[in-house]
Amino acid sequence: ESVRVSEFAERIKKPATEILKKLILMGVFVTINQEISFEVAEKIAEQYNILLEKEVKQEREEVLINDFEDKEEDLMPRPPVVTVMGHVDHGKTSLLDAIRHSKVVETEAGGITQHIGAYTVDINDKKIVFLDTPGHEAFTAMRARGAQVTDIAILVVAADDGVMPQTIEAINHAKAANVPIIVAINKIDKSSANPDRVKQELTEYGLIAEEWGGDTICVPVSAKTKQGIDTLLEMILLVAEMQELKANPNRPAKGTIIEAKLDKGRGPVATVIVQKGTLKVGDSIIAGTTYGKVRALIDDKGRKVKSAGPSIPVEILGLAEVPNAGDILYAVSDEKTARQISEMRKEKERQQYFASSSKITLQDLFSQIQEGKVKELNIIVKADVQGSVEALKQALEKLTNDEVKVRVIHGGVGAITESDITLASASNAIIIGFNVRPNNMAMQLAEREKVEVKTYRIIYEAIDDIQAAMKGMLEPEY
Ligand code: GDP
């Protein structure tokens, strides 16, 4: 693997001449148009890194100032943030629309809900916030970036179709994130609806309906006739109450960007869900590598507001660039600080292009166990038939010993997909494919996310490898 000097210079945004000088000092004599090995490029990147370290520390301090733990007495109840998940065509979008229309339009005289990526509904004097991008992919992609905004997952299962592959994925993604699940059994207006069959199928995945002695709330609904929607909303509030969701509204804001785009007229706009504190017009902010000063805040009804407290989604105007979904937003002391942090982060990002990651690999599993860094080995199993998934799952989980718990967080039939990679990345898991391979997109993503994917054709070889890795006896790969 090698890279052209000019291209490398561009990537790390450093003058090529400066890099050539460093190369000469290392005894590497090349021209701008020649290639250097990745190894050498990495060394150069490291040299820049050392200079950076001091600045990065400064940044961390600045952000930490705003990331302090709140005192118990400062915490106040906050509304739950809800994500809708489920198999395609089971009615996620319809359900979100039904909730929005039944609760929002009637109360807001003439107020048309704006699409800002999330919306709020009022029930009596309580609020619920719904994320408007349904599906576990967006949910886990955010989690992979270190952001978790969802408090409750609504699992939509069509009563006439039952549990389907993406239903199972959604369950496992929600479980991996430790987010409680409420099941909405949808389309009960249909004559072919069979809610009991859905409940029956869900038991196989550890979701036992309350009425059957379990602790999973299942609400029969119809997004079409709006039947059961009110009950569903009540159940969300009930679960939220049990979670005792709280945050301190009286501190500088911390939140997560859930959507962002470049608007022709208004410039970069981003929707943030505030998680702590209160975001105000005039605040200096940093979000990922971008920064700005809040020029205006717009709520989900299109109204200009002066501030937004915990759980409340608002659109922000005033960022210099478009941030990424999943970026964490902080209000900082002043705009100059915001700009400096942004510049440092950009620099760091460039360097990280060559930095190694701390994702788990079988090769260094043992040393990580020894250092106490790993207590759980999360595995995703994909295979060509369900029987193999089950066999592997059982055999792998049996490898659990005093030091490490082996946990299969997701198992499924079919090729290894991008969704599997994202889940692995978010959960620090490795992926085992049995008689299946990653598709092209998944392979690229795995490389980028540095997720380890191992494929096997013989079950005991997979088991042997994991066992050897746990003991630090894995044959090195060349
Ligand atoms: P999504 O892919 O999960 O977002 O599903 P959609 O919301 O797009 O719904 C898929 C299809 O199911 C659409 O044709 C909807 O009109 C239909 N649908 C959704 N909810 C219901 C329902 O409660 N009853 C009936 N009869 N059809 C529904």
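What counts, and at which threshold
Residues numbered from 1 in each chain as written. Predicted model: local features only at pLDDT ≥ 70, side-chain atom pairs only at ≥ 80, totals over all residues. Heavy atoms only, no water. UniProt positions renumbered as here; feature names shortened; annotations may be inferred. Axes fitted to C-alpha atoms, helices over the stretch in contact; angles between N-to-C directions. Helix = DSSP H or I, 4+ residues; strand = E, 2+ residues; numbered from the N terminus. Parallel < 35°, antiparallel > 145°, perpendicular 65-115°, else oblique. Left-handed = near helix turned anticlockwise from the far one by under 90°. Contact = heavy atoms within 4.5 Å. Nonpolar A, V, L, I, M, F, W, Y, C, P; charged D, E, K, R; others polar. Salt bridge = Lys/Arg side-chain N within 4 Å of Asp/Glu carboxyl O. Buried < 20%, exposed > 50% of the residue type's maximum accessible area, 1.4 Å probe, protein only. Near = heavy atom within 4 Å. Polar contact = N/O pair within 3.5 Å; in protein donor to acceptor, adjacent residues only side chain to side chain. Areas by Shrake-Rupley, 256 points an atom, 1.4 Å probe, with all protein chains shown as cover. Pairing = 2+ DSSP bridges. Expected span 1.5 Å × (residues − 1). Core = buried A, V, L, I, M, F, W, Y, C linked by side-chain atoms within 4.5 Å. Right-handed = clockwise from strand over helix to strand, strands pointing away.

Under an unreviewed UniProt entry, the name given to the chain is Translation initiation factor IF-2, and the source organism is Caloramator australicus RC3. The heading Subcellular location (unreviewed entry) in the UniProt record of the chain holds the text "Cytoplasm". According to the UniProt record, the Sequence similarities (unreviewed entry) comment for the chain is "Belongs to the TRAFAC class translation factor GTPase superfamily. Classic translation factor GTPase family. IF-2 subfamily."

A. View of the packing of helix α11 (residues 386-397) against helix α14 (residues 459-471). The contact between α11 and α14 brings their axes to 10 Å, and the two run at 25°. Classified by the angle between their axes, α11 and α14 sit roughly parallel to one another. Crossing of α11 against α14: the hand is right-handed. Of the residues in α14, those touching α11 at S388, A391, L392, A395 and L396 are I459, A462, I463 and I466. Within the contact of α11 with α14, the residues separate by chemical class into 8 nonpolar, 1 polar and no charged.

B. Unusual backbone geometry, seen in detail. Backbone geometry at N124 places phi at a positive 50°, although glycine is not the residue there. Positioned with a positive phi, K187 is a non-glycine residue whose angle comes to about 65°. For K187, the location among the structural elements is in the loop between β8 (181-186) and α7 (195-203).

C. Molecular detail of the pattern of salt bridges. What the rule picks out here adds up to 19 salt bridges. The partner of R339 in a salt bridge is E343, with the nearest N and O atoms 3.9 Å apart. In this pair, R339 and E343 are both assigned in helix α9 (residues 335-352), 4 residues apart and thus about one turn of the helix distant. Assessed through its relative accessible area of 46%, E343 is described here as partly exposed.

D. Up close: the site of the ligand. Near the ligand you find 15 residues, and of these D89, K92, T93, S94 and D189 are the closest. Note that an oxygen atom of the ligand is positioned 2.8 Å from one of the backbone N or O atoms of D89. Contact distances for the ligand include 3.3 Å between an oxygen atom and a backbone N or O atom of K224. Calculation on the ligand without its partners gives an accessible area of 580 Å², and the protein chains cover 70% of this total.

E. Expanded view of the sheet that holds strand β22 (residues 429-434). Strand order in the open sheet made by the 4 strands is β21-β20-β22-β23, with parallel pairing throughout. The two strands at the open ends of the sheet, each matched to only one other strand, are β21 (405-413) and β23 (453-456). Geometrically, the sheet is characterised by an average inter-axis angle of 25° between neighbouring strands, direction not taken into account. Where β22 lies against β23, 4 bridges are found, and the strand directions are parallel. By the bridge assignment, F434 is partnered in β23 with Y456.

F. Seen up close, α14. In a regular helix each residue adds 1.5 Å, so 13 residues correspond to 18 Å; α14 covers 19 Å between its end C-alpha atoms and thus fits that length. Three or more residues of α14 are buried, namely A462, I463, I466, A468, A469 and M470. Immediately downstream of α14, the backbone of G472 shows phi near 75°, a positive value.

G. Region of interest: the sheet that holds strand β4 (residues 81-86). If you walk across this open sheet you meet the 6 strands as β5-β6-β4-β7-β8-β9, and the pairing is mixed. The open sheet has two free edges, formed respectively by β5 (118-123) and β9 (218-220), since each of these has just one partner strand. Ignoring strand direction, the axes of neighbouring strands in this sheet form an average angle of 30°. The pairing of β5 with strand β6 (residues 126-131) spans 6 bridges and is classified as antiparallel. Looking across to β6, one finds that T120 is bridged to V129. Against the sheet, helix α6 (residues 165-176) makes contact with β4, β7 (152-158) and β8, and its axis sits at roughly 165° relative to β7, the strand it touches most.

H. Examining the nonpolar core more closely. If you look at the biggest cluster of nonpolar residues, it comprises 28 residues, and the most contacted ones within it are L95, I128, F130, I154, I182, L232 and I236. Looking at this core, the elements with two or more residues in it are β4, α4 (92-105), β5, β6, β7, β8 and α8 (229-243). It is α8 that contributes the most residues to this core, 7 residues altogether. Sequence-distant contacts of I182, defined by excluding residues within four places in its chain, comprise I152, A153, I154, L155, I217, V219, L232, M235, I236 and V239.

I. Quick look at the packing of helix α12 (residues 418-427) against helix α13 (residues 440-449). Running from amino to carboxyl end, α12 crosses α13 at an angle of 15°, the nearest separation of the two axes being 8 Å. Taken together, the axes of α12 and α13 lie roughly parallel to each other. Regarding α12 and α13, the two cross each other, and that crossing is right-handed. Between α12 and α13, the contacting residues are E418, I421, T422 and S425 on the first element and M441, A442, L445, A446 and E449 on the second. Across the contact of α12 with α13, the residue classes break down as 5 nonpolar, 2 polar and 2 charged.

J. Representation of the pairing of β22. The element β22 is extensively covered by neighbouring structure, given that 6 of its 6 residues are classed as buried. Burial along β22 is two-sided: A429, I431 and G433 facing one way and I430, I432 and F434 facing the other are all buried. Pairing of strand β20 (residues 376-383) with β22, which is carried by 6 bridges, proceeds in the parallel orientation. Among the inter-strand pairings, I380 is bridged to a residue of β22, identified as I431. Regarding topology, α13 serves as the crossover connection from β22 to the parallel β23, and that connection is right-handed.

K. Structural view of the environment of P180. Within the secondary structure, P180 is located in the loop between α6 and β8. Residue P180 is classed as partly exposed on the basis of its relative accessible area, which comes to 27%. P180 sits 36 residues away from T216 along the chain, and the two C-alpha atoms are 8.8 Å apart.

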